[in-house]
Amino acid sequence: MSCDYLINNKEMARQNGIVQPLLTDLYQITMAYAYWKSGKVDDTAVFDLFFRTNPFQGEFTIFAGLEECLKFLENFHYSDSDIEYLVQTLPPNIEPEFFEYLKDLTCKDIKLSAIEEGSVVFPRVPLLRVEGPLIITQLLETTLLTLVNFASLMATNAARYRMVAGKNVSLLEFGLRRAQGPDGGLSASKYSYIGGFDGTSNVLAGKMFNIPVKGTHAHSFVTSFSTLDDLHTAVLLHAETQKQCNLLELAVEWRRRLSAVIDVSPEEASDGELAALISYAQAFPSGFLALVDTYDVKSYAFLNRSGLLNFCAVALALNDCGYRAVGIRIDSGDLAYLSVLARDTFHQVAEKFQLPWFNHLTIVASNDINEETILSLHEQGHAIDCFGIGTHLVTCQRQPALGCVYKLVEINGQPRIKLSQDVGKVTIPGHKEAYRLFGADGHALIDLLQRSSEPAPEVGQKVLCRHPFQESKRAYVIPSKVEHLYKIYWKEGRICTFPKPLVEVRERVQSSLRTLRQDIKRNLNPTPYKVAVSDDLYTFIHELWLQNAPIGELS
Ligand SMILES: Nc1ncnc2c1ncn2[C@@H]1O[C@H](COP(=O)(O)OP(=O)(O)OP(=O)(O)O)[C@@H](O)[C@H]1O
Ligand SMILES: O=P(O)(O)OC[C@H]1O[C@H](OP(=O)(O)OP(=O)(O)O)[C@H](O)[C@@H]1O
Ligand SMILES: O=C(O)c1cccnc1
Ligand SMILES: [Mg+2]
């Protein structure tokens, strides 16, 4: 996938360029041909897209990917070269008229209803309901699933990191290098932001999705300098007076003076590291955030001996030139211990040299961080302001896939049910609506699926909510608020509800999560949120089940 294609093609500028009708499984196209041949061109279908289990041993999921689904519907069209490829690839006996049919196929007859992107969602409640001609609804399956599955998994993962980190810590996504390929990396950046991250190091994601891009520097930048002689110039113009300052002389002098505070002699610190930090400070005098753990990742003392001393020396030299440093990044060792050690040092420097802003320098931590690390660091106590998170976040290492499925629930107005030995896999048939019922305390209480022909539940009116498969599990609910979960997003060939900008989807995630009780969101053994069906739908499912289940014969 070439970047040029992604960013120069105006029409696709907002869409990942590989999302196109051929990004599907072959069987969708072979089924389309068989449907076409058997005269099913005018059949109409309803498909539900839903998942059966929440990821990460949690009890909630964040729905994401809707905007990309809409762009896909908008752009759905087989190009001449797509058709040519299919002619060559499908068996030679395919009737040429089928390719003519495919050539003209668009999503003009599709109706797509969906839950708002960024909402908390639960197993079995359809996230998308796709209605229209059978052939085209079938052809959309794989692409819609690939657009929703990873997006929702990623947004959920990011939202979980945000929950454990708390509101006062910044979260940066650093995962591109470790992501599942370029497209996985781009999607991870976008949906991490939706889930609650503050920015990404992925520059293309920043450009394409208007996400803040952030970053520090790598160890290679430090190790590329070996002595102070590697600095070709040490001059920096004073921020206000524009007078020339010699950053090297200032930093070396500060390093000498600091040895009293940091209890290290300047000879113990690395000159190559000092040269690197000076060079970086010259390039970014207002954005100086330095990696301080290059020269010993095992001995905690070394951060103290070299990185921290050199950083403070350059930060104080910058201060002489009218600039304030931003902070440090620690990428190895005991992050709790080292961050507290760094903060203590900043306090001492602030006090000794009467520079109160030194107390508030930013401490970024990275290195294989996951939810458990953050929880454990919080338990231990730390002084980290920002986590840079890559591998565990973007690869969703704890659970690599969300199992969204796309199931036929109605054909030509007739309900369809898919039976399974595993009750959890039996589909809920028919054209349905979904409502979220809120309790007296304002929290979401239960999601209720009903047949579309039923009247909507009303505030203050008792509703019988039933477990879809366990007869004895039922409860009356008197909702204090009823939210109809579906809006029509696509109808008559165009978007009819415009998806919200990314920042608003990001806010929606947080406001939607606030409607959930804490015990549903907790990390360890969370309480399941209830998803129910109306009495009418319950009876409908079970009658259809009996009609469709063959009666066996014992002999
Ligand atoms: N205080 C802490 N509590 C819990 N986990 C921590 C703490 N400090 C760091 N970690 C985590 O422990 C792991 C330490 O990684 P590792 O054992 O590879 O050590 P390292 O310091 O990175 O060494 P090196 O980079 O030299 O191999 C990382 O996943 C890091 O996020
Ligand atoms: O640890 P992650 O959560 O994946 O976050 C991203 C990592 O990427 C960088 O390391 P780099 O690739 O330079 O290698 P390193 O681990 O040897 O520092 C950075 O220093 C982080 O450690
Ligand atoms: O900017 C950073 O510090 C960064 C970016 C990507 C991966 N690791 C770190
Ligand atoms: Mg690392």
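Counting restarts for each chain, with residues numbered from 1 along the sequence as it is written. Labels follow written order: the first chain is A, the first ligand is 1, and so on. The predicted nature of this model means local features are confined to residues of pLDDT at least 70 and side-chain atom pairs, given and counted, to a pLDDT of 80 or more, with totals for whole chains, interfaces and linings taken over all residues. For the side-chain quantities, the full set of heavy atoms in the structure was used; hydrogens and water were omitted.

## Describing the side chain of Lys432
Going by this rule: Helix numbering and strand numbering both begin at the N terminus, where a helix is a DSSP run of H or I of at least 4 residues and a strand a DSSP run of E of at least 2. Nitrogen and oxygen atoms within 3.5 Å of one another constitute a polar contact, given that in protein one can donate a hydrogen and the other can accept it, and given that sequence-neighbouring residues count only through two side-chain atoms. In what follows, a contact means two residues having at least one pair of non-hydrogen atoms within 4.5 Å.
Along the chain, the position of Lys432 falls in strand β16 (residues 432-438). At a separation of 2.6 Å, a polar atom in the side chain of Lys432 contacts the side chain of Asp48. A polar atom in the side chain of Lys432 sits 2.9 Å from the backbone oxygen of Gly430. Once you skip the residues sitting within four places of it in the chain, Lys432 turns out to touch Asp48, Pro126, Arg129, Val409, Gln450, Arg451, Ser452, Tyr486 and Leu537.

## Details of the state of the cysteines
Formally: What counts as a disulfide here is a pair of cysteine sulfur atoms lying within 2.5 Å. Burial status follows relative accessibility: with a 1.4 Å probe on protein chains alone, a residue under 20% of its type maximum counts as buried, one over 50% as exposed, and anything between as partly exposed.
Here the structure, examined in full by the defined rule, presents 0 disulfides. Considering cysteine sulfurs only, Cys107 is the nearest to Cys496, which forms no disulfide, with 13 Å between them. The partly exposed category is assigned to Cys496, whose relative accessible area is 41%.

## With respect to the UniProt feature "domain: Nicotinate phosphoribosyltransferase N-terminal" (unreviewed entry) in the protein chain
Where we set the bar: UniProt positions are given in the numbering used here, feature names are shortened, and annotations may be inferred rather than shown by experiment.
Mapped onto the present numbering, the UniProt feature "domain: Nicotinate phosphoribosyltransferase N-terminal" (unreviewed entry) falls at residues 22-149. Secondary structure over residues 22-149 splits into 43% helix and 16% strand, and the C-alpha atoms at its two ends are 18 Å apart.

## Digging into the domain arrangement of the protein chain
Our working definition: As used throughout, domain bounds are those supplied by an automatic or database domain assignment. Buried area: the accessible area, evaluated with a 1.4 Å probe, that two parts lose upon being put together, summed over both parts.
Partitioning the protein chain into structural domains gives domain 1 (2-161 + 406-429 + 486-527) and domain 2 (216-384). Between domain 1 and domain 2, the C-alpha centre-to-centre distance is 48 Å. The interface of domain 1 with domain 2 comprises 4 residues on the first partner and 6 residues on the second. Overall, the association of domain 1 and domain 2 removes approximately 390 Å² of surface from exposure, summing both partners, and the carbon and sulfur fraction of that is 47%.

## Side note on the nonpolar core
Short version of the rule: Nine residue types can take part in a nonpolar core, namely buried Ala, Val, Leu, Ile, Met, Phe, Trp, Tyr and Cys, and a core is a set of them joined through side-chain atoms within 4.5 Å.
Counting 169 residues, the largest nonpolar core has Leu128, Leu140, Phe311 and Phe358 as its most contacted members. In terms of residue count, helix α7 (residues 141-165) provides more of this core than any other element does, 13 residues in total. In this structure, this core is formed jointly by two domains, domain 1 (2-161 + 406-429 + 486-527) and domain 2 (216-384), each of which donates at least three residues. Leu128 has contacts with Phe47, Asp48, Leu49, Phe63, Leu66, Cys69, Leu112, Ser113, Ala114, Leu144 and Val148, leaving out every residue within four places of it along the chain. Judged by nonpolar contacts, the second largest core, of 8 residues, contains Tyr435, Leu437, Leu448 and Cys465.

## Looking at the site of ligand 2
Inclusion rule: We call a residue near a molecule or strand whenever a single non-hydrogen atom of that residue lies within 4 Å of it.
Around ligand 2, the surrounding shell consists of Phe174, Arg177, Arg178, His219, Arg329, Asp331, Asn367, Asp368, Ile369, Ile389, Gly390 and Thr391. Arg177 places a side-chain nitrogen or oxygen 2.8 Å from an oxygen atom of ligand 2.

## Points about the packing of aromatic side chains
Under the convention used in this document: Aromatic pairs are defined between Phe, Tyr and Trp rings, using the six-membered ring for Trp, whenever the two ring centres lie within 6.5 Å; interplanar angles under 30 degrees are classed as stacked, those over 60 as edge-to-face, and all others as tilted. Any Lys NZ or Arg CZ that is within 6 Å of a ring centre and within 35 degrees of that ring's normal is treated as a charge sitting over the ring.
Applying the stated criterion across every chain yields a total of 19 aromatic pairs. If you follow Arg451 out to its NZ or CZ, it ends over the ring of Phe540, 3.6 Å from the centre.

## Re the sheet that holds strand β5 (residues 128-133)
We apply this condition: Strand pairing is assigned whenever DSSP identifies at least 2 bridges connecting the two strands. Angles run from 0 to 180 degrees between N-to-C directions of axes, and those axes are lines fitted to C-alpha atoms, restricted for helices to the stretch in contact.
Taken in spatial order, the 7 strands of this open sheet run β15-β14-β1-β5-β3-β21-β22, and their pairing is antiparallel. Looking at the sheet topology across the chains shown, the edges are occupied by β15 (414-415) and β22 (494-495). Relative to β5, strand β3 (residues 111-114) runs antiparallel, the two being bridged by 4 bridges. Looking across to β5, one finds that Leu112 is bridged to Val130. Contacts from helix α3 (residues 66-75) reach β3, β5, β21 (487-491) and β22, with the element oriented near 25° to β21.

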